[in-house]
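Each chain, written out:
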Amino acid sequence: MNKDLTRLLRPKTIAVIGGGAWCQQVVLQSERIGYAGQIWPVHPKASEIAGHRVFGHIEDLPAAPDAVFIGINRHATIEAVRVLSSMGAGGAVCFASGFSEAVAEDDTGGDLQDQLIAAAGDMPILGPNCYGFINALDGALLWPDQHGATPVGKGVAILTQSSNISINLTMQKRGLPIAYMMACGNMAQTSQAEIAWALIDDPRVTAVGLHIEGFKDIREWEALAAKAYSKGIPLVALKVGASEQAQAATVSHTASLAGSDAGAQVLLDRLGIPRLSALPDFLETLKLLHCYGPLPGGRIASISCSGGEASLIADMAVGTGLSFPQLSDDKRAHLRDALGPMVALNNPLDYHTYIWRDEEAMAQAWSGMTGDDIDLTFSIVDYPTTNPTDWSCATRAALKVRAETGARFAIVATLPELLPEDVAQDLMAGGVVPFMGLREALAATRAAGQISPPSAHPVWLPGKAEATQTLTEGESKGALAECGLHVPQSRTVCGPAEAHSAVQDMEAPFAVKGVGLAHKSEHGAVRLGIKAEDVADVAAEIGTDSILIEEMITGTVAELLVGVVRDPAHGFVLTLGAGGVLTEILRDTASVLVPSTPEDIRAALGKLKIAPLLAGYRGQRAADMDAIIAAVEAVQAYVMQNADTLGEVEINPLLCTPDKAVAVDALIRKA
């Protein structure tokens, strides 16, 4: 990523090409936000636009502009981009639609987009089908519509692929300082990752929020995540949409269990980027990150003047991964001095209303819920919509706690509308997070504690060949065994006579299976515990042309599924889960991307509901975790060796015993 977007994003001169209402808005909105640079409207017929002298042609401009808003039709846009590139402009926003995003309706759109990219050359462009951006730090605005942005000295950057969502986000009344609002359009030439890459070089940007519809280039995202983490700029994502899975992904259990969105989730996990599912959570997380950056963990404390609120936050935190540490002795002593003997000391804490309006006492009590063992302290305060003046003591107390302790501290309204915007701004100015909504506060806190360094191992990228061939179980096991997977001793035979002969040098009991069926158990084509003298009869009953006979594995602790599905947008998704005939009923899975380290695999296995079985449940013997991890690594090795042609691979079940892990069924689809 080597595009230089500096002139485009922080321009000293702005040209606006076109004379319609959209282009007039760019000029007017730039002036209203306080842009101090020069604005040069370009139109062949008008003499004046919004009070500015108009230049008839791009070539008439006094110099190559730093940033250009192109608000003309798609065909004329291509020629304008060509001229701007040749004269050395800093970059352009292409407002027109009808390019690749419209291919379904107009088959010329893709060709026009190719022409646009060629015309741009080395000049960066945003869009097409793009609203542009707002730089509220420098008052530079290439934005053709209303917005709610105000000048700020520092703040967060938000990038979205939806212009309408970007407009709505600028209208937030939550006290969040937005430094940049970027609408990315259809990203013909400049990707969302490239834009974010440029923004994190601005030292005034405190965090970056990414509304993502899809990942165009995984390598760009890996580079962005590494750079952002090294610079200490947290990234958070609101990921929408589901990527298409490979056609092969409809055959195995793995595909239905992982789901089409699994690849996006595990890619974000691998990048160390927490994911939010709602716009309010997204904004509240950015607010928290703007104030404090990533949290060390999820240890929280809560103090409120109502037992109902204490119970509410305790219940709402269940399942979030957040915890309420018990009060230490020094905290208890501090709180007892502040609150007296009438208050039961707990976390969450109900301090009643004995000290309400006593700013000093409130601050003393609230500070007692902070400390090195607490990552964020909540004080739950709902400001009335009638007359909030009696609640100003809470604002002052919170600011006092932050100033005197330096602790991470938040005022939380249980309902978003019960924290006025002016109060939120005052709190933010003093370093206190004003959370609007208790659920949103918990979601933001969890996300801020999940930011982590991105994986040092690049995602293994799949090929594009369509997987149309399904290997037999024997062929699949043989291929995986060559990569180190442990499989049972077996024979593939044709007919009862060969079956009877094959078992003479094998050890009973046997598993007898029909060959050529994707889900053999559903067809009654798997028979277990068969004696040597019964193998021929069982083979005849199953009735398939070929029969697979295996020595059975005994002493099983647990059955696992190990599956990999090619996800064209995100790589190879490796899913681990409860295996056997109850796989899809239990739906107990965890996913990672290939390649994953042994530590990653062990952590994923630890997330399963059947993890206690693997560890030795109620005195039973534990499974050999090293053998399980070795089996998974063997599958990964096969995937990486066959990445260009592989569609999916699945082992179900992997039988886990105290001393080995053996694949007793396998499926591979490839080109």
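Position numbers for residues count from 1 along each chain, tracking the sequence in the order it is written. Side-chain atom pairs in this predicted model are given and counted only at pLDDT of 80 or more, local residue features only at pLDDT of at least 70, and totals for whole chains, interfaces and linings cover all residues. For side-chain calculations, the full set of non-hydrogen atoms in the structure is used, while hydrogens and water are omitted.

S.K.: If you had to explain the overall build of the chain to someone new, which residues and values would you point to?
M.R.: Helices and strands together make up the secondary structure of the chain, namely 23 helices and 30 strands. With the C-alpha coordinates aligned to their principal axes, the bounding extent of the chain is approximately 95 × 80 × 35 Å. For the chain, the residues scored as buried account for 56% of the 671 residues in total. Contacts: residue pairs with any heavy atoms within 4.5 Å of one another. Nonlocal contacts in the chain, meaning residues at least 24 apart in sequence, comprise 72% of its contacts between residues at least 6 apart. By definition, any uninterrupted DSSP run of H or I lasting at least four residues is a helix, any uninterrupted run of E lasting at least two residues is a strand, and each is numbered from the N terminus. Only protein chains enter the area calculation, which uses a 1.4 Å probe; residues under 20% of their type maximum are buried, those over 50% are exposed, and those in between are partly exposed.

S.K.: How would you summarise the sheet that holds strand 15 (residues 300-304) if you had to cite specific residues and measurements?
M.R.: By the convention used here, strands pair only if DSSP detects at least 2 bridges between them. The sheet built from five strands is open, its strands ordered 16-15-17-18-19 with parallel pairing. Each of the sheet's edge strands pairs with one partner strand only, and the pair in question is strand 16 (349-350) and strand 19 (433-436).

S.K.: Break down the sheet that holds strand 7 (residues 125-126) for me, citing the residues and quoting the values.
M.R.: One open sheet accounts for five strands, arranged 2-1-5-6-7; its pairing is parallel. Looking at the sheet topology across the chains shown, the edges are occupied by strand 2 (38-42) and strand 7. Helix 2 (residues 21-33) contacts strand 1 (13-17), strand 2 and strand 5 (67-70) of the sheet and is inclined by roughly 155° relative to strand 1. Where helices are involved, their axes are fitted lines through C-alpha atoms of the stretch in contact, as for all axes, and angles between N-to-C directions lie from 0 to 180°.

S.K.: Got a sec to walk through the pattern of salt bridges? Specific residues and values, please.
M.R.: By definition here, a salt bridge exists when the distance from a side-chain nitrogen of Lys or Arg to a carboxyl oxygen of Asp or Glu is within 4 Å. In this structure the tally under the stated criterion is 29 salt bridges. K477 is the partner of E550 in a salt bridge, and the nearest nitrogen-oxygen pair spans 1.8 Å. Of this pair, E550 sits in strand 24 (residues 547-551) while K477 sits in helix 17 (residues 473-481), placing them 73 residues apart in sequence. K477 shares its class with E550; the two are buried. Salt bridges sharing partners connect three or more residues here, namely R10, D138, D202 and R204.

S.K.: Residue-level account of the packing of helix 18 (residues 495-502) against helix 19 (residues 535-542), with values.
M.R.: One can describe the packing of helix 18 onto helix 19 by two numbers: an axis separation of 8 Å at closest approach and a directional angle of 145°. Viewed along their axes, helix 18 and helix 19 form a crossing whose handedness is right-handed. Residues P496, A499 and H500 of helix 18 form the contact with helix 19, whose participating residues are V535, A536, A539 and A540. Residues are grouped as follows: Ala, Val, Leu, Ile, Met, Phe, Trp, Tyr, Cys and Pro are nonpolar; Asp, Glu, Lys and Arg are charged; every other residue, Gly included, is polar. In the contact of helix 18 with helix 19, the residues fall into six nonpolar, one polar and no charged. If you view the pair so one helix is near and one far, a crossing is left-handed when the near helix is turned anticlockwise from the far one by less than a right angle, and right-handed when it is turned clockwise.

S.K.: Can you tell me about the environment of P280, naming the residues and giving the values?
M.R.: Assignment of secondary structure puts P280 in helix 10 (residues 279-292). The class of P280 is partly exposed, set by a relative accessible area of 27%. For P280 and V93, which are 187 residues apart along the polypeptide, the C-alpha to C-alpha distance reads 28 Å.

S.K.: Let's hear about the nonpolar core: which residues, and what values?
M.R.: L339, W366, F378, I411 and F435 are the most contacted members of the largest nonpolar core, which has 138 residues in total. Among the nonpolar cores identified, the runner-up in size contains 43 residues, and V562, A623, I629 and A634 belong to it. The nonpolar core is taken to be a set of buried Ala, Val, Leu, Ile, Met, Phe, Trp, Tyr and Cys residues, with the residues joined through side-chain atoms within 4.5 Å.

S.K.: Give me the lowdown on the side chain of H52, citing residues and values where you can.
M.R.: Along the chain, H52 turns up in strand 4 (residues 52-53). Side chain to side chain, H52 and E31 meet in a polar contact 2.4 Å long. Setting aside chain neighbours within four positions, we find H52 in contact with V27, E31, I39, P41 and S47. Any N or O atom pair separated by 3.5 Å or less is treated as a polar contact, with the protein-specific requirement of one donor-capable and one acceptor-capable atom, and with residues adjacent in sequence counted only for side-chain atom pairs.

S.K.: Now, about the packing of aromatic side chains: what can you tell me, with residues and values included?
M.R.: Ring pairs shown here join Phe, Tyr and Trp side chains whose ring centres sit within 6.5 Å, with only the six-membered ring taken for Trp; geometry is labelled stacked below 30 degrees between planes, edge-to-face above 60, and tilted in between. Inspection of the entire model under this criterion finds 11 aromatic pairs. Ring geometry for Y131 versus W143: centroids 5.5 Å apart, planes at 85°, classification edge-to-face. One end of the pair, Y131, is in the loop between strand 7 and strand 8 (132-135); the other, W143, is in the loop between strand 9 (140-142) and strand 10 (155-160), with 12 residues separating them in the sequence. The exposure class of Y131 is buried, given its relative accessible area of 12%. Taking relative accessible area as the criterion, W143 reaches 0% and is therefore assigned buried. Where Y351 meets W366, the ring centres are 6.5 Å apart and the plane angle is 70°; that geometry is what we call edge-to-face. Of this pair, Y351 sits in the loop between strand 16 and helix 13 (359-367) while W366 is found in helix 13, placing the two residues 15 residues apart along the sequence.

S.K.: With reference to specific residues and values, describe a nonpolar patch on the surface.
M.R.: The patches reported here contain residues having more than 30% relative accessible area and no salt bridge. Joining distances are 9 Å for like charges and 5 Å for nonpolar side chains (Val, Leu, Ile, Met, Phe, Trp, Tyr). Computed by Shrake-Rupley with a 1.4 Å probe, the accessible areas treat only the displayed protein chains as cover when residues are assessed. A contiguous nonpolar patch, built from V581, L582, I585 and L586 and spanning about 430 Å² of accessible area, is present on the exposed surface. Mapped onto the fold, L582 is located in the loop between strand 26 (571-578) and helix 20 (583-586). Overall, L582 belongs to the partly exposed group, its relative accessible area being 43%.

S.K.: So what about the environment of V401? Which residues, and what values?
M.R.: Structurally, V401 can be placed in helix 14 (residues 392-405). For V401, a relative accessible area of 1% puts it in the buried group. Expressed as a C-alpha distance, the spacing of V401 and V432, which sit 31 residues apart in the sequence, is 9.0 Å. If sequence neighbours within four positions are ignored, V401 has contacts with A363, W366, S367, T370, G406 and F409.

S.K.: Before we move on, can you summarise the side chain of Q113 with the specific residues and values?
M.R.: Inspection of the secondary structure puts Q113 in helix 4 (residues 109-120). Beyond its immediate sequence surroundings of up to four residues, Q113 is in contact with F99, S100, P128, N186 and A188.

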